[in-house]
Structure formats: C-alpha cells, structure tokens
Amino acid sequence: MKKTYFIFALMAGCMALATSCSDDGSKEFPANTVQVTSAETELAAAGESKTFTVTGTGLTASVPESCTWLTVAVSGNQITVTAEPNLERQTRHTIVNIVASNGDKTGVSVSQYGAIFTLDAPANLSISDGAQEISYAAKYNLPISLRSSADWLKVNMTDDAMVVTATANNSGHPRSGYVYYEIGTVSDSILVVQCDFDMDIVGKVFYLAGSNPSTGEITYELVQIKKEGADYALDLIEYSEIAETEISSPIFKQNEFTFNLPMGYAMGQYGNYILGWVGWDANEGYITWSNSVGMNISFSYDEEYGVTVGEMVDDGAWGSYEINALQLYAFSSEEFTSSTRVGYFNRLVYPWMEEYVEEEEAAAPRRVALKSNSRAKAPVFDSSVKIAK
C-alpha cells in the first residue's frame, strides 16, 4: 500500500506540474483594425492633394498643431491630405494620426519636397539689334510668374529653360527693358539692353559733361565716337577743328552698349601741347595717366528727353583709388611724365555722356545746362594734386 500510494502521489504531482506548466499567463491581443492598405505620401513642392486608403470604422485623422502646411479630410476609409506650396528649399515632414471609433489607431508619415530653382542666366543681357530668341537652362518645381517691362521683349518658360524673345530694334538708338520673374521666395529681374554699337552709337555726337569743381557748374567737351577699320576712337570735335587735325583717344568696345575709355594716350598736337585724358580721384586728390586704367561707359536711351546717355564708372583697375573725375590734360611731349605735364584744360567731376541734339530739335534740356568749356583758356597747373604711382 505504501508503494502504491507513492506512485499515485507522484503521478498526481506530475499532473499538477503539467497543468501548471501549460498556463504561462500569456494573452492573445486582437489585431489592429486600422491598417493602411494603399498610400502615396510624398507631395510636390508646388502643393497637391493625395488620398490613401485605411481600414477601420469611424475614422478620424489629424496632424500636430505645429503643422500648418498640411490639411486632412476623411471620407469613409479615404484619407485625403492637401499641402500648401513649400517655398523653402528643405523637404518638410509630418505625421497624420488616424483613430478608429474603437480606439485603434496608426500614424502615416507624409513628406513634401522643397523648392528647386536654378537659372543659368546673367543679371544683365546685351543683345544686338536683330530679332532673336535666347534660351537659358532652368530647373524648377514651383509655378513661375513672368512679365516684361517692354512690348518688344517677351519671356516664357519651357520644361527646362527660360526663353527671352526680342523683336528687331529699328529705333536707331539703344533700348532696354526688364524681364521679371518670381518663384517661391525668389524675386529677381534681368536687364536686357538691345543695341548695335556700330549702328546706334558710332557717329553720334555727345556732350562729355561733368561738374566743374571750382564753380559747381556743368562743364563739357563735345565728342564724337568714330570707327576706322576695326578700331574705335573718341574725337574731341572742337579741339580737332581748331587744330585742323584729329584730336582723339582710342576706346575699346566691351559689348554692344559699353566701351572703355583708357587714360594716358597722346590724343594729338593742340598748339604747343599734346592732349591726353588723366584719371582723377577727386576725393583722394590723386591723378594718373596710366593707360592700364580707365572708365567704362554704358549707353541707354532716355525716353523722357529722347536722347542716348552714357553712364561712366571707374573700371576698377586703379587699385585702391577710383576714377570719379576726368581731366583733359596738356603735356609738353607725347611721353607723359611728371616733368612734361603742363596742366588741365578742363575738369569733369562725376562725368557722364549725353547725346547732342540741336536746340530746336530737343524737347527740353536734360542735364547739360549752364554749359561751359575751356578751349580758349591756357592749361592750369594744379600743384595740389598727387600723382599715383
């Protein structure tokens, strides 16, 4: 009996142990009823709507309060997200939180590409007088707003380029207009100047004018742009007439509406003197006749007064000094040195060029008023100016 009990007890213990081992306390959780079955969650930078399908009943959807660029709409099991245009370069992201009526939920990551815009075009465009179409490579993924400031100038975009179109310029003078474009946070313009230097500039007579530093009045020299062969020159008309020989300085064409006037070239014999242009930094009090420096003259057309004008600026080649004034200078030799300099005939501070028009033809005087020049005067030696090395 004793042995039999022992076996029974052992068997009972094993049965109890077996029952205990099979009950490990684990539970089976029901599957989440909210599942995304189809989704396109990458949105274009220009802004768009995408719809994805989600299982579950009584669905609601929302985005974090900090996300102001994406809105969400629910229609049954269809979730529609709508993004505003992304005007920044960076891609942006957010989470759409979806909740069913039974409390099941999920999150869907949504991204929107950043803005892309590259344009391989200059800030200033010089074109000749003929009708033409010019394309500049462009990449963009946002709508572009385009306009131009002139009827003769058009602009449009293709898939990969900006196209600028100009009609033929038969006006006989330069003309200019702007192409304006706006995309995302970028707003800019391109200045388009249409000019043929030989047709619209060469042969015209101009005032080369500036302020007289002694009197403050406008003073000038009458000049004409000439071409002989492939070479260009700036002729001093009145000095040439008196000397009965051409008094002129070489000039160098930069593009169809700009030339460079270098300093220090012997322009010709005027009485006992050799004339030449001298650059002057009127603020610092230094002069130079080095022909490695000069001024750039860029032409445009003044619609109000009906004349061609030239803006004159230092060409940046004079180191730390700036040519902001010109001196028409007399030397005793064709070799310009400190010992051969005699003095100035005229000084033009902040000079510009303005087309000469007969008074009866001109609608009104422009900037050249109180005109005076100093052809008849002897050159004046100014010992206060310093010669730049």
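Residues numbered from 1 in each chain as written. Predicted model: local features only at pLDDT ≥ 70, side-chain atom pairs only at ≥ 80, totals over all residues. Heavy atoms only, no water.

S.K.: Quick question: what am I supposed to make of the pattern of salt bridges here?
M.R.: Two side chains with opposite charge may pair up if their charged atoms get near one another. A complete count under the given rule lists eight salt bridges for this structure. Here Lys227 makes a salt bridge to Asp198, at a shortest N to O gap of 2.6 Å. With Lys227 in strand 18 (residues 218-228) and Asp198 in helix 2 (residues 197-201), the pair connects residues that are 29 residues apart, well separated along the chain. Look at Asp198 and you get partly exposed, because its relative accessible area is 31%. Here Glu256 ties to Lys253 by a salt bridge, and the two come within 3.1 Å at their closest N and O atoms. With relative accessibility at 32%, the residue Lys253 sits in the partly exposed group. A cluster of three or more residues bridged by salt bridges with shared partners is formed by Glu40, Glu48 and Lys50. (Salt bridge = Lys/Arg side-chain N within 4 Å of Asp/Glu carboxyl O. Helix = DSSP H or I, 4+ residues; strand = E, 2+ residues; numbered from the N terminus. Buried < 20%, exposed > 50% of the residue type's maximum accessible area, 1.4 Å probe, protein only.)

S.K.: Sorry, what's going on with the environment of Cys67 here?
M.R.: Of note, Cys67 is situated in the loop between strand 4 (60-62) and strand 5 (70-75). For Cys67, a relative accessible area of 10% puts it in the buried group. C-alpha of Cys67 to C-alpha of Thr94: the two residues are 27 residues apart in sequence and 7.0 Å apart in space.

S.K.: Help me out: how do you make sense of the sheet that holds strand 1 (residues 36-38) in this one?
M.R.: Within a sheet, neighbouring strands are paired by backbone hydrogen bonds and run either parallel or antiparallel to one another. With antiparallel pairing, four strands are arranged side by side in an open sheet as 1-3-6-5. Each end of this open sheet is capped by a strand with a single partner; those strands are strand 1 and strand 5. When the angles between neighbouring strand axes are averaged without regard to direction, this sheet yields 35°. Inspection of the sheet shows strand 5 paired to strand 6 (residues 78-83) by six bridges, in the antiparallel sense. Bridge pairing in strand 6 links Thr71 to Thr82. (Pairing = 2+ DSSP bridges. Axes fitted to C-alpha atoms, helices over the stretch in contact; angles between N-to-C directions.)

S.K.: How do you make sense of the pairing of strand 26 (residues 307-314) when you look at a structure like this?
M.R.: On a regular strand, each side chain points to the face opposite its neighbour's, so the side chains alternate between the two faces of the sheet. The element strand 26 is largely enclosed, with a buried count of six among its eight residues. What sits between strand 25 (residues 294-302) and strand 26 in their antiparallel hairpin is a turn of four residues, with Gly306 showing a positive phi close to 70°. Two elements, strand 26 and strand 28 (residues 341-355), share three bridges in a ladder whose sense is antiparallel. Residue Glu311 lies in a different strand from strand 28, and its bridge partner there is Trp352.

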